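So the chains spell out like this:
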Amino acid sequence: MMLHALAAGVDFERYFRWRRERDGDPFVVRFPGFGGAVFTGTSAGAGEIFRAPVELLTPPLPNPIEPLVGAASLILARDERHRRGRALLTPAFHRSRIAHYANVVRDSTHDELNGFGAGPAWLSGTRVDARIAARAITLRVILEVLFGTGSGSRRVEYTAAVVRFLNAFSGPLMLLPALRHSAFGYAPWDRFLVARDRLDELIDAEIAARRTAGADARDNDVLSMLLATRYADGSAIDDADLRDQLRTLLVAGHETTATSLVWALYRLHRHPETLARLRTELADAGPDTDPLELSRLPYLDAVCQETLRLHPPVPIVLRRLTGPFALRGVAMDAGDTMGVAVPLLHSDPRVWPDAARFRPERFLDRRYGPAEFAPYGGGHRRCVGSTLADFELRIVLATLLMRTELALTRHYSRGRIPLSVPHNIATGPRAGITFNVVSHQGHSGDSYHNAM
Ligand code: HEM
C-alpha cells in the first residue's frame with residue numbers, strides 16, 4: 001500500500017497508466033488517510049461521471065486542500081450551498097466580463113518583462129525562471145481581477161501574504177493530516193496558520209472598507225460584484241463566506257494558470273516547427289492587435305489546448321456518492337468516491353492518435369467533446385474560472401512571444417520531460433524551467449507602473 005502511495009507521489013501519471021494496464025478501466029486507487037477511489041480514464045467513464053445525477057454527488061471530504069480554501073469554499077460546498085455559490089461566482093467570470101481584464105493581463109506581462117514584477121528585466125543574455133515569472137504574472141492578474149489592487153503598496157502586501165501562505169502549505173501538510181498540529185508556535189502547521197491569518201486580515205479589511213465606502217465605489221473587480229449581488233432570496237453573502245470564496249479564487253485562480261504557461265513555453269521551445277508556426281500567426285496579427293482578437297487566433301488556441309491536454313494542472317477530478325451508482329458497470333454505494341484520471345483520458349489512443357506527441361494541429365483537425373477533453377473537469381462543478389484562464393494563457397503567451405526570443409537552457413533543451421508533482425492545488429514541473437533570453441524588444445506600452 002505505502003509502496004503504491006510512494007509510486008503515485010513520485011510519478012503520478014506513470015502510476016495511473018500502470019494501474020490501468022494491470023487492472024483495466026475503471027480501477028481502484030487508495031490514498032493513505034483519504035480512502036480509496038474508483039478511477040476511469042475513458043471518455044465513456046468521464047461522461048458517466050459528468051452526467052451523473054447532481055443529487056448523488058458531493059465533493060470528497062476530508063479534502064487535502066481544505067485548510068487552504070476554508071470550509072465555506074465553493075470547492076467543498078454541496079447541494080444548495082454549492083448551487084448558491086455558483087450562482088454568485090459564475091457571473092463574475094462570464095465571457096462578457098473578460099474584456100475588462102484584457103489590459104490587466106497584458107500590462108502584468110509587460111511589467112514582468114520590463115523588470116517591474118518578480119524578477120529582473122528580460123534583457124538579452126539574461127536567464128529567466130519561467131515558473132517564477134509565470135506565477136508573478138498570474139498572481140498579479142488574479143489580485144487585480146478580485147480586488148483591483150492597482151500598483152501601490154496594497155499589491156505588494158497582498159503578493160507577499162499570498163506567497164507566504166501558499167509556501168507555508170507544504171506537500172507533507174497537504175497529504176498527511178496528522179501533521180496539522182501546533183507545537184508551541186514552531187511547527188509547520190503554526191507557520192501556516194500565521195500566514196493564513198495574515199492573508200485573512202487583509203481580505204477582511206478590504207471587505208470592511210468596501211462595505212463602508214459602498215459597493216459600487218470600484219466598478220470592475222470581482223469583490224465589488226460579489227458585494228452588490230444578492231442570492232435568489234434577496235440576501236447578501238456574509239463576510240466569513242465571502243472571505244473563503246475570495247481565498248478559494250486566489251488559490252484556484254493563479255498557480256493552475258501559471259503552470260500551464262510554463263508547460264506551454266517549454267513545449268513550444270522543444271518543438272521549433274510549432275513555435276515557428278505560432279510566431280508566424282502572431283506576426284501576421286501584428287503587435288497592436290486587440291487582446292480579445294489575439295485570444296481568438298486559431299493556432300494559439302490549439303497550442304494552449306494541446307498544452308492542457310498533455311499537462312492538465314488538475315489531474316484528478318473527484319466526486320463522492322450519496323447513493324448507489326454504477327461506473328462503467330462497477331457498482332458503488334453511498335460514501336464511495338469516483339474520479340476521472342485526466343492524464344489517462346487525455347491519452348486514450350482511440351481519441352488521441354500518437355497521444356504522447358505535442359501536436360497542436362490535432363485541435364485544428366477536429367473538435368473534442370466535454371468527456372474527451374476535460375482539463376477543467378465537467379458537469380455541475382466544471383471550473384468557474386476556465387474562460388479567464390483560457391484568455392489569460394493566450395494573451396500572456398502571445399505577449400511574451402511577441403516581445404522576446406527565448407531558448408531553453410541546456411538542461412531542459414533535451415532529454416526527459418520534467419515530471420509533474422503536486423503543489424498546493426495544482427501539479428506542475430518539479431523545478432522552475434529556465435530559459436535564456438536571446439533577444440528582447442523594448443516596449444513603451446502603458447503599464448500600471450509606467451502610468452504611475
Ligand atoms: C489553467 C487553469 C485552470 C485549470 C486547469 C483549472 C482546473 C479546474 C478543475 C479540474 C476543477 C474541478 C472541476 C470539477 O470538479 O469538475 C476546477 C474547479 C474550480 N476552479 Fe479552476 N482551473 C483553472 C483556473 C481557474 C481560475 C483562473 C479560477 C478562478 C478565477 C478557478 C476557479 C475554480 C473554482 C472556484 C473551482 C470550483 C468549482 C466548483 O466546485 O463548483 N480556476 N478548476
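Everything below is about the structure shown above.
Residues numbered from 1 in each chain as written. Predicted model: local features only at pLDDT ≥ 70, side-chain atom pairs only at ≥ 80, totals over all residues. Heavy atoms only, no water.

Enquirer: It is not clear to me how the pattern of salt bridges should be interpreted in this structure. Could you clarify?
Expert: The final tally for this structure, using the stated rule, is 27 salt bridges. A salt bridge links Asp25 to Arg328, with the nearest nitrogen and oxygen atoms 3.4 Å apart. Separated by 303 residues along the polypeptide, Asp25 in the loop between helix 2 (12-23) and strand 1 (27-31) and Arg328 in the loop between strand 6 (325-327) and strand 7 (330-332) bring together distant segments of the chain. Note that Glu206 is salt-bridged to Arg154, the shortest N-O span being 2.7 Å. In this pair, Glu206 is assigned in helix 10 (residues 188-213) and Arg154 in helix 8 (residues 153-168), connecting sequence segments 52 residues apart. Residue class for Glu206 comes out buried when judged on its relative accessible area of 8%. It is possible to trace a salt-bridge network through shared partners that takes in Arg154, Glu206, Arg210 and Asp221. (Salt bridge = Lys/Arg side-chain N within 4 Å of Asp/Glu carboxyl O. Helix = DSSP H or I, 4+ residues; strand = E, 2+ residues; numbered from the N terminus. Buried < 20%, exposed > 50% of the residue type's maximum accessible area, 1.4 Å probe, protein only.)

Enquirer: Which parts of the structure should I look at to understand the sheet that holds strand 5 (residues 316-321)?
Expert: Adjacent strands of a sheet form backbone hydrogen bonds with each other and so pair up, either parallel or antiparallel. Strand order in this open sheet of five strands is 1-2-8-5-3, and the pairing throughout is mixed. Two strands in the sheet have a free side with no partner beyond their single neighbour: strand 1 and strand 3 (57-58). Strand direction decides the pairing type here: strand 1 and strand 2 (residues 35-40), joined by five bridges, are antiparallel. Bridge pairing links Arg30 to Gly36 in strand 2. (Pairing = 2+ DSSP bridges.)

Enquirer: Explanation requested: the packing of aromatic side chains in the structure shown.
Expert: Two aromatic rings, taken as a pair, are described by how far apart their centres are and by the angle between their planes. Evaluation of the coordinates by the stated rule reveals 14 aromatic pairs. For the ring pair Tyr15 and Trp18, a centre distance of 5.9 Å and an interplane angle of 50 degrees mean the geometry is tilted. Taken as a pair, Tyr15 and Trp18 lie in helix 2 at a separation of three residues, close to a single helical turn. Judged by centre distance (6.3 Å) and plane angle (65 degrees), the ring pair of Trp352 and Phe373 falls under edge-to-face. Of this pair, Trp352 sits in the loop between helix 17 (342-345) and helix 18 (362-365) while Phe373 sits in the loop between helix 18 and helix 19 (386-403); the two residues are 21 residues apart in sequence, bridging distant segments of the chain. Both residues of the pair, Trp352 and Phe373, count as buried. Clustering of aromatic rings is evident, with ring pairs tying together Phe165, Phe169, Trp189 and Phe192. (Phe/Tyr/Trp six-rings, centres within 6.5 Å; stacked < 30°, edge-to-face > 60°.)

Enquirer: What am I meant to see in the site of the ligand here?
Expert: Around the ligand sit 26 residues in total, of which His82, Arg86, Arg319, Gly378 and Cys383 are the nearest. At a separation of 2.7 Å, an oxygen atom of the ligand approaches a polar side-chain atom of His82. With respect to the ligand, the side chain of Arg86 contributes an N or O atom lying 2.7 Å from an oxygen atom. Listed by contribution, the elements that provide at least two residues to the shell around the ligand are helix 5 (79-89), helix 12 (239-252), helix 13 (255-270) and strand 5. In terms of residues, the shell around the ligand owes the most to one element, helix 13, which gives three residues. Its residues assigned to classes, the shell around the ligand shows 14 nonpolar, eight polar and four charged. (Near = heavy atom within 4 Å. Polar contact = N/O pair within 3.5 Å; in protein donor to acceptor, adjacent residues only side chain to side chain. Nonpolar A, V, L, I, M, F, W, Y, C, P; charged D, E, K, R; others polar.)

Enquirer: I would appreciate a short explanation of unusual backbone geometry in the present structure.
Expert: Most peptide bonds adopt trans geometry, and most residues besides glycine take a negative phi value. A cis amide bond links Asp25 with the next residue in sequence, Pro26, at an omega value of 5 degrees. Among the secondary structure elements, Pro26 is positioned in the loop between helix 2 and strand 1. With a phi angle near 55 degrees, Asp354 is a residue other than glycine that sits in the positive phi range. The residue Asp354 is located in the loop between helix 17 and helix 18 in this model. Look at Asp354 and you get partly exposed, because its relative accessible area is 49%.

Enquirer: Which parts of the structure should I look at to understand the environment of Arg131?
Expert: Along the chain, Arg131 falls in helix 7 (residues 130-147). We classify Arg131 as partly exposed; its relative accessible area is 24%. With residues up to four places along the chain from it excluded, the contact list for Arg131 reads Val262, Pro429, Arg430, Ala431, Gly432 and Ile433. (Contact = heavy atoms within 4.5 Å.)

Enquirer: Would you take a moment to explain the packing of helix 6 (residues 95-113) against helix 7 for this structure?
Expert: The relative placement of two packed helices is expressed as an angle between their axes plus a distance between the axes. Close contact between helix 6 and helix 7 brings their axes to 9 Å; oriented N to C, the two are set at 145 degrees. As for how helix 6 packs across helix 7, the hand of that crossing is right-handed. For the pair formed by helix 6 and helix 7, the contact residues are Tyr101, Val104, Val105, Asp107, Ser108, Thr109, Asp111 and Glu112 on the first element and Ala133, Ala136, Ile137, Arg140, Val141, Glu144 and Val145 on the second. Looking at the contact of helix 6 with helix 7 residue by residue, the classes come out as eight nonpolar, two polar and five charged. (Axes fitted to C-alpha atoms, helices over the stretch in contact; angles between N-to-C directions. Left-handed = near helix turned anticlockwise from the far one by under 90°.)

Enquirer: I'm lost on the sheet that holds strand 12 (residues 434-440) in this one. Help?
Expert: The strand order across the open sheet formed by three strands is 4-12-9, and the pairing between neighbours is antiparallel. Both outer strands of the open sheet, strand 4 (127-129) and strand 9 (404-408), are each paired with one neighbouring strand and no more. Neighbour-to-neighbour, the strand axes of this sheet turn through a mean angle of 40 degrees, independent of strand direction. Here five bridges tie strand 9 to strand 12, and the two strands are oriented antiparallel to one another. Residue Thr404 lies in a different strand from strand 12, and its bridge partner there is His440.

Enquirer: What is the right way to look at helix 14 (residues 272-285) in this model?
Expert: End to end, helix 14 covers 20 Å across 14 residues, agreeing with the expected 20 Å (1.5 Å per residue, within 8%). Listed as buried for helix 14 are Thr274, Leu275, Leu278, Glu281 and Leu282. Projection of helix 14 onto a plane perpendicular to its axis shows the buried side chains occupying an angular sector of 125 degrees, all on one side. Every exposed residue of helix 14 that faces more than 90 degrees away from the buried side is listed here: Pro272, Glu273, Ala283 and Asp284. Buried residues along helix 14 sit in contact with helix 13, helix 15 (291-294), helix 16 (298-310) and helix 19. Gly286 occupies a position one or two residues after helix 14 and carries a positive phi of about 90 degrees. (Expected span 1.5 Å × (residues − 1). Arc of directions from axis to C-beta.)

Enquirer: What am I meant to see in the packing of helix 14 against helix 16 here?
Expert: Running from amino to carboxyl end, helix 14 crosses helix 16 at an angle of 140 degrees, the nearest separation of the two axes being 8 Å. Considering the angle they form, helix 14 stands oblique to helix 16. Here helix 14 runs over helix 16; the crossing is left-handed. On helix 16, the residues that touch Thr274, Arg277, Leu278 and Glu281 of helix 14 are Pro298, Tyr299, Leu300 and Val303. Of the residues belonging to the contact of helix 14 with helix 16, the class tally is five nonpolar, one polar and two charged. (Parallel < 35°, antiparallel > 145°, perpendicular 65-115°, else oblique.)

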